[in-house]
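# Working through the structure, step by step
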Amino acid sequence: RMAGMRSVASRSLPQPGGRRDCARQSCRGRTLVPGRAGTSSGESAEITRIVPVIEEICGGKYLKQPEVKIIDRADSVAIFKKELETDPGFEGADPEYLLDAAEDASRVITGKVSKVDGVVYIVRQNLEKKVKERKIPGDDRLKLFDYYVCHELVHVWQEQHCGIFK
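Residues numbered from 1 in each chain as written. Predicted model: local features only at pLDDT ≥ 70, side-chain atom pairs only at ≥ 80, totals over all residues. Heavy atoms only, no water.

### Things to note about the packing of helix α3 (residues 73-86) against helix α4 (residues 95-108)
For the pair α3 and α4, the least separation of the axes is 8 Å and the interaxial angle reads 130°. What the angle tells us is that α3 and α4 run oblique. Helix-helix and strand crossings are classified by hand; for α3 and α4 the assignment is right-handed. Only Pro95, Leu98, Leu99, Ala101, Ala102, Glu103, Ala105, Ser106 and Arg107 of α4 make contact with α3, whose side of the interface consists of Arg73, Ser76, Val77, Phe80, Lys81, Leu84 and Glu85. Among the residues forming the contact of α3 with α4, the class breakdown is nine nonpolar, two polar and five charged. (Axes fitted to C-alpha atoms, helices over the stretch in contact; angles between N-to-C directions. Helix = DSSP H or I, 4+ residues; strand = E, 2+ residues; numbered from the N terminus. Parallel < 35°, antiparallel > 145°, perpendicular 65-115°, else oblique. Left-handed = near helix turned anticlockwise from the far one by under 90°. Contact = heavy atoms within 4.5 Å. Nonpolar A, V, L, I, M, F, W, Y, C, P; charged D, E, K, R; others polar.)

Now the structure itself:
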């Protein structure tokens, strides 16, 4: 158990027999430390320390073990384009428009849960840009990574239990 986790988690857990409030669950303010984060494009991040905390805060286990991948911006374009191609709101859209939109998204999105494969993608260059813009020192850089991973993993939990992407 992480020191101090009980008091934070107990305030966030739903009451026994109560309905899970998927829209309000979050890890804001938590300092979570993943195992070793992936260091090259596409490598899965080890999230074994974050997952149990989210499960406790949200009040249930993941139905399927989540996966986190740290990717380069160039790789994110294809992933974001596939997302747009499968979105009913973009049905029949011009492929060039979808590519432009995916390229735009690849420059600003730091973390995203893919509706296509359920994987959490963290765009390395966008995370590094936030670190630089905010002048985040040393160990605090890992906290920013944790924040984005935790935020996206809560969405994975919400999708698995509440179907927020449907």
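Next comes the rest of the account.
### Thoughts on the packing of helix α5 (residues 124-133) against helix α6 (residues 140-162)
Two elements in contact, α5 and α6, have axes separated by 11 Å at closest approach and are oriented at 130°. The orientation of α5 relative to α6 falls into the category oblique. Our pair here, α5 against α6, has a crossing hand that is right-handed. Residues Leu127, Lys130 and Val131 of α5 touch α6, and the partners they reach there are Arg141, Leu144, Phe145 and Tyr148. Each residue belonging to the contact of α5 with α6 can be placed in one class, and the counts come to five nonpolar, no polar and two charged.

### Re the nonpolar core
Grouped together as the largest cluster of nonpolar side chains are 23 residues, with contacts concentrated most on Ile54, Tyr62, Val68, Val120, Ile122, Val149 and Leu153. Counting residues per element, the ones that place at least two in this core are α2 (50-58), β2 (68-71), β4 (120-123), α5 and α6. If you tally residues by element for this core, the top one is α6, at nine residues. Ile71, Leu98, Val119 and Tyr121 belong to the second largest nonpolar core, which has eleven residues in total. (Core = buried A, V, L, I, M, F, W, Y, C linked by side-chain atoms within 4.5 Å. Buried < 20%, exposed > 50% of the residue type's maximum accessible area, 1.4 Å probe, protein only.)

### Side note on the pattern of salt bridges
If the charged atoms of two oppositely charged side chains come close together, the side chains can form a pair. Enumeration over the complete set of coordinates arrives at eight salt bridges. Between Glu55 and Lys61 there is a salt bridge, with its nearest N and O atoms 3.6 Å apart. Judged by its relative accessible area of 12%, Glu55 falls in the buried class. Across the salt bridge formed by Lys81 and Glu85, the nearest N and O atoms sit 2.6 Å from each other. Linking Lys81 with Glu85, this pair stays in helix α3, spanning four residues, or about one helical turn. (Salt bridge = Lys/Arg side-chain N within 4 Å of Asp/Glu carboxyl O.)

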